[in-house]
Amino acid sequence: MLLDGRPVTVKAAQFTLCYSRMPFIRCYPRETQEMVFDAHDRAFVSFDGSCGRGIYDNMTTAVERVLLGRDRKINPRFSELCGHYLVDPVFCTRGAGWEKGRVESQIKSMRGLLFKPRLEAETMDELNAVLAERCRRHVLRHRHPDFPERTIFEVFAGEEQRCLVPGTEPFRGHASRQATASKTCLVHFDNNKYSVEARAAGRPVELRALADRVEIRLGGEIVGSHVREFGRGRAIYDVSHYIPILARKPGAIRNGAPFRARHLPAPLAAVRERLETGKDGGEQMVRILLGARDHGLEAISDACAEALAAGICNADLILNIAARRCQPGPPPQVPIPAGLELGDPPAADPARYDRLLAGRQDR
(Lines give C-alpha, C1' and ligand atoms only; values in the text may rest on other atoms or scores of the structure.)
Protein backbone atom coordinates (compact mmCIF):
# COMPACT_ATOMS: atom_id res chain seq x y z
CA MET A 1 0.00 0.00 0.00
CA LEU A 2 0.99 3.62 -0.35
CA LEU A 3 1.61 5.65 2.79
CA ASP A 4 2.39 9.32 2.24
CA GLY A 5 3.09 8.51 -1.41
CA ARG A 6 5.61 5.75 -0.65
CA PRO A 7 5.02 1.97 -0.97
CA VAL A 8 5.25 0.38 2.49
CA THR A 9 4.69 -3.03 4.04
CA VAL A 10 2.46 -3.09 7.11
CA LYS A 11 1.46 -5.74 9.64
CA ALA A 12 -2.27 -6.37 10.01
CA ALA A 13 -3.79 -7.63 13.27
CA GLN A 14 -7.05 -9.46 12.57
CA PHE A 15 -9.67 -10.63 15.06
CA THR A 16 -12.72 -12.69 14.11
CA LEU A 17 -15.57 -13.70 16.43
CA CYS A 18 -16.27 -17.38 15.71
CA TYR A 19 -20.06 -17.36 15.85
CA SER A 20 -20.99 -14.16 14.02
CA ARG A 21 -17.77 -13.82 11.92
CA MET A 22 -17.57 -10.20 13.11
CA PRO A 23 -14.12 -8.93 12.03
CA PHE A 24 -11.72 -6.31 13.34
CA ILE A 25 -8.58 -5.35 11.41
CA ARG A 26 -5.94 -2.77 12.23
CA CYS A 27 -2.55 -2.15 10.61
CA TYR A 28 0.74 -1.39 12.35
CA PRO A 29 4.25 -0.62 11.13
CA ARG A 30 5.61 -3.69 12.95
CA GLU A 31 4.56 -6.76 14.90
CA THR A 32 5.85 -5.92 18.37
CA GLN A 33 4.33 -6.81 21.71
CA GLU A 34 3.06 -3.32 22.48
CA MET A 35 1.27 -3.28 19.12
CA VAL A 36 -0.33 -6.66 19.85
CA PHE A 37 -1.56 -5.20 23.15
CA ASP A 38 -2.91 -2.11 21.40
CA ALA A 39 -4.74 -4.29 18.85
CA HIS A 40 -6.50 -6.16 21.67
CA ASP A 41 -7.50 -2.88 23.34
CA ARG A 42 -8.99 -1.51 20.15
CA ALA A 43 -10.67 -4.77 19.09
CA PHE A 44 -12.46 -5.22 22.41
CA VAL A 45 -13.58 -1.58 22.36
CA SER A 46 -14.94 -2.19 18.85
CA PHE A 47 -16.80 -5.32 20.00
CA ASP A 48 -17.88 -3.61 23.26
CA GLY A 49 -16.63 -6.62 25.21
CA SER A 50 -13.97 -9.33 25.26
CA CYS A 51 -14.09 -13.06 24.52
CA GLY A 52 -14.00 -15.78 27.12
CA ARG A 53 -11.55 -17.76 24.96
CA GLY A 54 -8.99 -16.69 22.38
CA ILE A 55 -7.41 -18.97 19.77
CA TYR A 56 -3.93 -17.77 18.78
CA ASP A 57 -1.03 -18.67 16.56
CA ASN A 58 2.26 -19.38 18.32
CA MET A 59 3.45 -15.81 17.81
CA THR A 60 6.67 -14.86 19.57
CA THR A 61 5.00 -11.86 21.20
CA ALA A 62 2.77 -14.29 23.15
CA VAL A 63 4.67 -17.60 23.39
CA GLU A 64 8.21 -17.86 24.72
CA ARG A 65 8.56 -21.59 24.10
CA VAL A 66 6.42 -24.34 22.54
CA LEU A 67 6.34 -27.43 24.79
CA LEU A 68 4.86 -30.88 24.22
CA GLY A 69 1.31 -31.09 22.94
CA ARG A 70 -0.58 -27.90 23.67
CA ASP A 71 1.60 -26.79 26.57
CA ARG A 72 3.20 -23.42 26.10
CA LYS A 73 5.45 -21.16 28.10
CA ILE A 74 3.43 -17.95 27.77
CA ASN A 75 5.09 -14.55 27.83
CA PRO A 76 4.38 -13.01 31.28
CA ARG A 77 3.18 -9.72 29.79
CA PHE A 78 0.82 -11.52 27.40
CA SER A 79 -0.47 -13.51 30.36
CA GLU A 80 -1.18 -10.19 32.13
CA LEU A 81 -3.16 -9.05 29.09
CA CYS A 82 -5.29 -12.22 29.12
CA GLY A 83 -5.86 -11.87 32.87
CA HIS A 84 -6.90 -8.25 32.44
CA TYR A 85 -9.54 -9.13 29.83
CA LEU A 86 -10.44 -12.56 31.38
CA VAL A 87 -9.46 -14.33 28.16
CA ASP A 88 -8.49 -18.01 28.25
CA PRO A 89 -5.72 -18.31 25.60
CA VAL A 90 -5.58 -21.44 23.43
CA PHE A 91 -2.67 -21.89 21.02
CA CYS A 92 -2.86 -23.83 17.77
CA THR A 93 -0.74 -26.87 17.04
CA ARG A 94 2.28 -25.96 14.94
CA GLY A 95 1.48 -26.14 11.24
CA ALA A 96 -2.24 -26.69 11.91
CA GLY A 97 -3.77 -23.42 10.77
CA TRP A 98 -7.05 -25.25 10.17
CA GLU A 99 -7.61 -25.19 13.95
CA LYS A 100 -8.64 -21.57 13.49
CA GLY A 101 -10.00 -22.09 10.01
CA ARG A 102 -12.63 -19.36 10.21
CA VAL A 103 -9.93 -16.79 10.73
CA GLU A 104 -7.70 -18.24 8.02
CA SER A 105 -10.50 -18.34 5.45
CA GLN A 106 -11.63 -14.85 6.36
CA ILE A 107 -8.11 -13.49 5.94
CA LYS A 108 -8.19 -14.54 2.28
CA SER A 109 -11.61 -13.05 1.63
CA MET A 110 -11.04 -9.85 3.62
CA ARG A 111 -7.74 -9.22 1.85
CA GLY A 112 -9.60 -8.88 -1.42
CA LEU A 113 -12.48 -6.91 0.06
CA LEU A 114 -10.46 -4.41 2.11
CA PHE A 115 -7.05 -4.10 0.47
CA LYS A 116 -7.98 -4.03 -3.21
CA PRO A 117 -7.55 -1.73 -4.97
CA ARG A 118 -4.32 -0.80 -3.21
CA LEU A 119 -4.97 1.55 -0.31
CA GLU A 120 -3.47 5.03 -0.27
CA ALA A 121 -3.29 7.22 2.83
CA GLU A 122 -1.23 10.05 4.29
CA THR A 123 -0.84 8.53 7.78
CA MET A 124 -1.31 5.20 9.53
CA ASP A 125 -4.31 6.60 11.41
CA GLU A 126 -5.95 7.59 8.13
CA LEU A 127 -5.26 4.12 6.74
CA ASN A 128 -6.91 2.44 9.74
CA ALA A 129 -9.89 4.78 9.51
CA VAL A 130 -10.41 3.65 5.90
CA LEU A 131 -10.14 -0.01 6.96
CA ALA A 132 -12.65 0.50 9.78
CA GLU A 133 -15.16 2.05 7.38
CA ARG A 134 -14.73 -0.77 4.87
CA CYS A 135 -15.21 -3.35 7.64
CA ARG A 136 -18.37 -1.54 8.76
CA ARG A 137 -19.81 -1.60 5.24
CA HIS A 138 -18.86 -5.28 4.86
CA VAL A 139 -20.68 -6.51 8.00
CA LEU A 140 -23.77 -4.43 7.19
CA ARG A 141 -24.08 -5.82 3.65
CA HIS A 142 -22.55 -9.31 3.75
CA ARG A 143 -24.79 -12.27 4.53
CA HIS A 144 -23.82 -14.68 7.29
CA PRO A 145 -22.75 -18.07 5.79
CA ASP A 146 -24.85 -20.08 8.29
CA PHE A 147 -27.81 -17.68 8.46
CA PRO A 148 -28.20 -16.31 4.92
CA GLU A 149 -31.36 -14.44 5.84
CA ARG A 150 -29.32 -12.16 8.15
CA THR A 151 -26.19 -10.06 7.82
CA ILE A 152 -23.04 -10.56 9.88
CA PHE A 153 -23.86 -7.49 11.93
CA GLU A 154 -27.40 -8.67 12.67
CA VAL A 155 -26.09 -12.00 14.00
CA PHE A 156 -23.44 -10.21 16.07
CA ALA A 157 -25.78 -7.60 17.54
CA GLY A 158 -28.68 -9.98 18.02
CA GLU A 159 -26.93 -12.95 19.60
CA GLU A 160 -23.16 -12.90 20.12
CA GLN A 161 -22.56 -9.45 21.57
CA ARG A 162 -24.52 -10.17 24.75
CA CYS A 163 -22.30 -13.22 25.38
CA LEU A 164 -19.09 -11.18 25.51
CA VAL A 165 -17.38 -10.27 28.77
CA PRO A 166 -18.52 -6.69 29.56
CA GLY A 167 -16.05 -3.97 28.63
CA THR A 168 -13.32 -2.89 31.03
CA GLU A 169 -10.54 -0.32 31.07
CA PRO A 170 -7.97 -0.75 28.26
CA PHE A 171 -4.86 -2.73 29.18
CA ARG A 172 -2.63 -0.11 27.54
CA GLY A 173 0.33 -2.45 27.49
CA HIS A 174 3.81 -1.14 26.90
CA ALA A 175 7.35 -2.40 26.46
CA SER A 176 9.59 -1.03 29.20
CA ARG A 177 13.34 -0.59 29.26
CA GLN A 178 15.93 1.33 31.24
CA ALA A 179 17.99 4.06 29.61
CA THR A 180 20.12 7.05 30.49
CA ALA A 181 19.36 10.55 29.24
CA SER A 182 22.33 12.21 27.57
CA LYS A 183 23.75 15.59 28.58
CA THR A 184 21.86 17.04 25.62
CA CYS A 185 18.55 15.76 27.13
CA LEU A 186 18.08 12.95 24.60
CA VAL A 187 17.18 9.29 25.08
CA HIS A 188 18.00 6.73 22.36
CA PHE A 189 15.32 4.22 21.40
CA ASP A 190 14.74 2.14 18.27
CA ASN A 191 17.34 4.02 16.17
CA ASN A 192 15.87 7.43 17.06
CA LYS A 193 16.35 10.02 19.80
CA TYR A 194 13.65 11.62 21.97
CA SER A 195 14.02 14.70 24.16
CA VAL A 196 13.35 14.86 27.91
CA GLU A 197 13.09 17.70 30.41
CA ALA A 198 16.38 19.36 31.31
CA ARG A 199 16.27 18.03 34.91
CA ALA A 200 16.58 14.45 33.56
CA ALA A 201 19.87 15.10 31.72
CA GLY A 202 22.51 12.53 32.62
CA ARG A 203 20.14 10.53 34.83
CA PRO A 204 18.73 6.99 34.50
CA VAL A 205 15.15 6.96 33.20
CA GLU A 206 12.49 4.41 32.30
CA LEU A 207 11.33 4.38 28.68
CA ARG A 208 7.88 2.99 27.92
CA ALA A 209 7.12 2.23 24.28
CA LEU A 210 3.46 2.06 23.29
CA ALA A 211 2.09 1.36 19.84
CA ASP A 212 1.95 5.04 18.89
CA ARG A 213 3.76 6.92 21.66
CA VAL A 214 6.98 6.93 23.66
CA GLU A 215 6.86 7.94 27.32
CA ILE A 216 9.98 8.61 29.39
CA ARG A 217 9.75 8.67 33.19
CA LEU A 218 12.07 9.84 35.94
CA GLY A 219 11.17 8.40 39.30
CA GLY A 220 7.71 7.52 38.00
CA GLU A 221 7.05 11.07 36.73
CA ILE A 222 6.72 11.67 32.99
CA VAL A 223 9.56 13.88 31.73
CA GLY A 224 8.99 13.25 28.02
CA SER A 225 6.08 12.14 25.85
CA HIS A 226 6.31 11.96 22.05
CA VAL A 227 4.53 10.51 19.06
CA ARG A 228 6.50 7.40 18.15
CA GLU A 229 8.78 7.69 15.12
CA PHE A 230 9.33 4.62 12.95
CA GLY A 231 12.06 6.02 10.72
CA ARG A 232 15.77 5.84 11.49
CA GLY A 233 18.32 8.36 12.69
CA ARG A 234 15.81 11.07 13.60
CA ALA A 235 15.76 13.36 16.63
CA ILE A 236 12.35 14.30 18.05
CA TYR A 237 12.42 17.46 20.18
CA ASP A 238 9.96 19.18 22.47
CA VAL A 239 11.19 22.77 22.67
CA SER A 240 9.62 23.21 26.13
CA HIS A 241 12.19 20.75 27.50
CA TYR A 242 15.01 23.16 26.63
CA ILE A 243 13.56 26.46 27.86
CA PRO A 244 15.31 26.21 31.30
CA ILE A 245 18.61 25.81 29.41
CA LEU A 246 17.79 28.83 27.25
CA ALA A 247 17.49 30.95 30.40
CA ARG A 248 21.14 30.15 31.24
CA LYS A 249 22.49 30.06 27.67
CA PRO A 250 20.46 32.50 25.52
CA GLY A 251 23.02 32.15 22.70
CA ALA A 252 21.64 28.64 22.03
CA ILE A 253 18.74 30.29 20.19
CA ARG A 254 20.97 30.81 17.15
CA ASN A 255 22.17 27.29 16.40
CA GLY A 256 20.55 25.03 18.98
CA ALA A 257 18.83 22.11 17.22
CA PRO A 258 15.67 22.18 19.43
CA PHE A 259 15.07 25.83 18.50
CA ARG A 260 15.14 25.37 14.75
CA ALA A 261 11.94 26.26 12.96
CA ARG A 262 10.98 22.67 12.09
CA HIS A 263 10.88 21.73 15.78
CA LEU A 264 8.77 24.73 16.83
CA PRO A 265 4.97 25.05 16.68
CA ALA A 266 3.95 26.72 13.41
CA PRO A 267 3.09 30.18 14.90
CA LEU A 268 6.39 30.31 16.80
CA ALA A 269 8.31 29.27 13.68
CA ALA A 270 6.61 32.06 11.71
CA VAL A 271 7.45 34.62 14.42
CA ARG A 272 11.07 33.51 14.44
CA GLU A 273 11.25 33.93 10.68
CA ARG A 274 9.84 37.45 10.96
CA LEU A 275 12.16 38.45 13.81
CA GLU A 276 15.34 37.15 12.17
CA THR A 277 15.34 40.17 9.85
CA GLY A 278 15.68 42.57 12.81
CA LYS A 279 18.82 43.56 14.70
CA ASP A 280 17.58 42.25 18.08
CA GLY A 281 15.49 39.38 16.70
CA GLY A 282 17.42 36.76 18.66
CA GLU A 283 16.93 38.55 22.00
CA GLN A 284 13.22 38.99 21.32
CA MET A 285 12.82 35.31 20.45
CA VAL A 286 14.55 34.34 23.69
CA ARG A 287 12.12 36.52 25.66
CA ILE A 288 9.15 34.99 23.87
CA LEU A 289 10.26 31.43 24.58
CA LEU A 290 11.10 32.24 28.21
CA GLY A 291 7.51 33.45 28.55
CA ALA A 292 6.47 29.81 28.30
CA ARG A 293 7.78 29.29 31.84
CA ASP A 294 4.93 31.47 33.17
CA HIS A 295 2.18 30.92 30.59
CA GLY A 296 2.95 27.56 28.96
CA LEU A 297 4.11 26.89 25.42
CA GLU A 298 0.59 26.50 24.05
CA ALA A 299 -0.45 29.94 25.36
CA ILE A 300 2.67 31.53 23.86
CA SER A 301 1.99 29.80 20.54
CA ASP A 302 -1.62 31.08 20.53
CA ALA A 303 -0.38 34.58 21.35
CA CYS A 304 2.04 34.41 18.40
CA ALA A 305 -0.82 33.41 16.10
CA GLU A 306 -2.91 36.39 17.31
CA ALA A 307 0.01 38.80 16.86
CA LEU A 308 0.69 37.52 13.33
CA ALA A 309 -3.00 37.93 12.46
CA ALA A 310 -2.78 41.55 13.63
CA GLY A 311 0.32 42.14 11.49
CA ILE A 312 2.46 43.13 14.48
CA CYS A 313 5.32 40.95 15.63
CA ASN A 314 7.42 41.80 18.67
CA ALA A 315 8.14 40.25 22.06
CA ASP A 316 6.33 42.88 24.14
CA LEU A 317 3.08 42.48 22.24
CA ILE A 318 3.19 38.66 22.27
CA LEU A 319 3.94 38.47 26.00
CA ASN A 320 1.17 40.99 26.69
CA ILE A 321 -1.33 38.92 24.71
CA ALA A 322 -0.27 35.77 26.55
CA ALA A 323 -0.61 37.50 29.94
CA ARG A 324 -4.11 38.75 29.07
CA ARG A 325 -5.16 35.30 27.88
CA CYS A 326 -4.05 33.78 31.19
CA GLN A 327 -5.92 36.29 33.35
CA PRO A 328 -9.11 34.96 34.93
CA GLY A 329 -12.30 36.19 33.32
CA PRO A 330 -14.95 38.29 35.08
CA PRO A 331 -16.94 36.49 37.78
CA PRO A 332 -20.21 35.01 36.56
CA GLN A 333 -23.36 37.05 37.05
CA VAL A 334 -25.72 35.30 39.45
CA PRO A 335 -29.35 35.93 38.50
CA ILE A 336 -31.59 37.20 41.32
CA PRO A 337 -34.55 34.88 41.88
CA ALA A 338 -37.96 36.39 41.30
CA GLY A 339 -39.45 37.91 44.43
CA LEU A 340 -36.13 38.84 46.03
CA GLU A 341 -35.64 42.16 44.25
CA LEU A 342 -35.57 45.28 46.46
CA GLY A 343 -38.79 47.23 46.10
CA ASP A 344 -37.37 50.35 47.82
CA PRO A 345 -33.57 50.57 47.23
CA PRO A 346 -31.71 52.40 50.04
CA ALA A 347 -30.84 56.01 49.30
CA ALA A 348 -27.27 57.24 49.65
CA ASP A 349 -26.88 59.61 52.63
CA PRO A 350 -23.33 61.05 52.88
CA ALA A 351 -24.49 63.22 55.82
CA ARG A 352 -24.24 60.16 58.05
CA TYR A 353 -20.47 60.36 57.86
CA ASP A 354 -20.58 64.00 59.01
CA ARG A 355 -22.56 62.99 62.06
CA LEU A 356 -20.09 60.22 62.85
CA LEU A 357 -17.15 62.60 62.54
CA ALA A 358 -18.85 65.19 64.73
CA GLY A 359 -19.43 62.60 67.43
CA ARG A 360 -15.73 61.60 67.30
CA GLN A 361 -14.64 65.22 67.77
CA ASP A 362 -16.91 65.56 70.79
CA ARG A 363 -15.28 62.54 72.41
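Preceding this section is the structure that the text describes.
Residues numbered from 1 in each chain as written. Predicted model: local features only at pLDDT ≥ 70, side-chain atom pairs only at ≥ 80, totals over all residues. Heavy atoms only, no water.

1. Details of the overall build of the chain
Counting its secondary structure elements, the chain contains 13 helices and 16 strands. The C-alpha atoms of the chain give 30 Å as radius of gyration, which overshoots the globular expectation for 363 residues (21 Å, by more than 25%). If you line up the chain on its principal axes, its C-alpha atoms span 105 × 65 × 40 Å. Sequence-distant contacts, at least 24 apart, represent 55% of the contacts inside the chain between residues at least 6 apart. (Helix = DSSP H or I, 4+ residues; strand = E, 2+ residues; numbered from the N terminus. Rg over C-alpha atoms; globule rule 2.2 N^0.38 Å. Contact = heavy atoms within 4.5 Å.)

2. Concerning helix 4 (residues 124–141)
Given a rise of 1.5 Å per residue, 18 residues ought to cover 26 Å, and the 26 Å separating the end C-alpha atoms of helix 4 matches this to within 8%. Where helix 4 is concerned, the buried positions are Met124, Leu127, Asn128, Leu131, Cys135, His138 and Val139. Viewed end-on, helix 4 has its buried residues packed into an arc of 100°, placing them on one side of the element. Turned more than 90 degrees from where helix 4 packs its buried face, Asp125 and Arg141 sit exposed. (Expected span 1.5 Å × (residues − 1). Buried < 20%, exposed > 50% of the residue type's maximum accessible area, 1.4 Å probe, protein only. Arc of directions from axis to C-beta.)

3. Examining the environment of Arg143
Structurally, Arg143 can be placed in the loop between helix 4 and helix 5 (152–160). Separated by 129 residues in the primary sequence, Arg143 and Arg272 have C-alpha atoms spaced 59 Å apart. Among residues more than four places away in sequence, those in contact with Arg143 are Pro148, Glu149, Arg150, Thr151 and Ile152. Here the side chain of Arg143 touches Glu149 through a polar contact of 2.9 Å, landing on its backbone oxygen. (Polar contact = N/O pair within 3.5 Å; in protein donor to acceptor, adjacent residues only side chain to side chain.)

4. Topic: the packing of aromatic side chains
The tally for this structure, following the rule as stated, stands at 11 aromatic pairs. Ring geometry for Phe44 against Tyr85: centres 4.8 Å apart, planes inclined by 65°, an arrangement best described as edge-to-face. Taken as a pair, Phe44 in helix 1 (residues 33–47) and Tyr85 in helix 2 (residues 76–85) lie far apart in primary sequence, 41 residues in all. With respect to burial, Phe44 and Tyr85 carry one shared label: buried. Aromatic side chains Phe153 and Phe156 sit 6.4 Å apart centroid to centroid with 50° between the ring planes, which places their arrangement in the tilted category. With Phe153 and Phe156 both in helix 5, this residue pair falls three residues apart, about one helical turn. What makes Phe153 partly exposed here is its relative accessible area of 34%. Within the aromatic cluster, the residues linked to one another by ring pairs are Phe15, Phe24, Phe44 and Tyr85. (Phe/Tyr/Trp six-rings, centres within 6.5 Å; stacked < 30°, edge-to-face > 60°.)

5. Section: the sheet that holds strand 11 (residues 186–189)
Here three strands make up an open sheet; going across it, the order is 11-12-16 and the pairing mixed. Only two strands of the sheet have a single partner each, and these edge strands are strand 11 and strand 16 (235–236). For strand 11 and strand 12 (residues 192–195), the ladder comprises four bridges, and the chain directions are antiparallel. Counterpart to Leu186 in the pairing with strand 12 is Ser195. (Pairing = 2+ DSSP bridges.)

6. Concerning the sheet that holds strand 2 (residues 6–7)
Consider a sheet: its strands pair through backbone hydrogen bonds, and that pairing is either parallel or antiparallel. Strand order in the open sheet made by the three strands is 2-1-9, with mixed pairing throughout. Two strands lie at the open edges of the sheet, namely strand 2 and strand 9 (120–121), each paired on one side alone. Pairing of strand 1 (residues 2–3) with strand 9 involves two bridges; the strand directions are parallel. Following the sheet pairing, Leu3 is matched in strand 9 by Ala121.

7. Brief notes about the nonpolar core
Grouped together as the largest cluster of nonpolar side chains are 47 residues, with contacts concentrated most on Ile216, Leu268 and Ile288. Secondary-structure elements contributing two or more residues to this core are strand 11, strand 13 (204–209), strand 14 (213–218), helix 6 (243–248), helix 8 (266–275), helix 9 (281–290), helix 11 (297–310) and helix 12 (315–326). Residues contacting Ile288, with those up to four places away along its chain left out, are Leu268, Val271, Leu275, Ile300, Cys304, Ala315, Ile318 and Leu319. Formed by 30 residues, the second largest nonpolar core is a distinct cluster that contains Phe24, Phe37, Phe78 and Leu164. (Core = buried A, V, L, I, M, F, W, Y, C linked by side-chain atoms within 4.5 Å.)

8. Notes on the pairing of strand 3 (residues 11–16)
Looking at chain direction, strand 3 and strand 4 (residues 23–28) are connected through six bridges and run antiparallel. The residue bridging Thr16 from the neighbouring strand is Pro23, located in strand 4. Between strand 3 and strand 4, which pair antiparallel one after the other, the connecting turn spans six residues, and Arg21 there sits at a positive phi close to 65°.

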